[in-house]
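Tertiary structure, described
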Amino acid sequence: MDYAPSPSDRVREQVERYEATGGREGGTLEGQPVVILTTTGAKTGKVRKTPLIRIEHDGVYAVVASAGGAPEHPAWYRNVLADPLVRVQDHDDVHAVRAREVHGAEKDRWWRIAETFWPHFPEYREKAAGREIPIVVLERR
């Protein structure tokens, strides 16, 4: 599959540095660790890579489709809905995972976990004003 780098200079450059150094460079956002989520574009079918805050609990990763509280879901979220077989890179470790959106009590539990990794999530939830921010768990295949 063809790789389509992000149109965002910041994202594209961070992914390049992260992958070239196993996360030793480009491995943080505002001082917090990130992972690289690799998806297949829902519209293009091309490989997409997105740095996201590293949320891990008991060996399971989760990613939050906050888009900084934007009114619309991020593109990577639409990609995982279309094809939940994705990849997560945590420094040098790359894992094939299945993405699964969580709901109800499971989502509440993941919100509590996620907020310990990224303190901005509560403000993003408020800013999203009516958009329910998805949480996606990444389970190893």
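Residues numbered from 1 in each chain as written. Predicted model: local features only at pLDDT ≥ 70, side-chain atom pairs only at ≥ 80, totals over all residues. Heavy atoms only, no water.

Approximately 850 Å³ is the volume found for the largest pocket. Along its surface, the largest pocket is lined by 36 residues, and Val11, Thr50, Leu52, Pro74 and Trp76 are the ones closest to its centre. Counting only elements with at least two residues in the lining of the largest pocket, the list comes to helix H1 (9-21), strand S2 (32-40), strand S3 (47-53), strand S5 (60-64), helix H2 (75-82) and helix H4 (121-127). Residue contributions to the lining of the largest pocket peak at 6 residues, all from S3. Looking at the lining of the largest pocket residue by residue, the class counts come to 20 nonpolar, 10 polar and 6 charged. (1 Å grid on protein atoms, 1.4 Å probe; cavity = no way out; pocket = protein on both sides within 12 Å on 5 of 7 lines; lining within 4 Å. Points joined across faces, edges and corners; volume = space filled by probe spheres on them. Helix = DSSP H or I, 4+ residues; strand = E, 2+ residues; numbered from the N terminus. Nonpolar A, V, L, I, M, F, W, Y, C, P; charged D, E, K, R; others polar.)

So, about H2. Among all positions in H2, only Trp76, Tyr77, Asn79 and Val80 are buried. What you see down the axis of H2 is that its buried residues fit within an arc of 160°, all on one side. Those residues of H2 that are exposed and aimed more than 90 degrees away from the buried face are Leu81 and Ala82. Against the buried residues of H2 lie S2, S3, S5, strand S6 (85-90), strand S7 (93-101) and strand S8 (135-140). (Buried < 20%, exposed > 50% of the residue type's maximum accessible area, 1.4 Å probe, protein only. Arc of directions from axis to C-beta. Contact = heavy atoms within 4.5 Å.)

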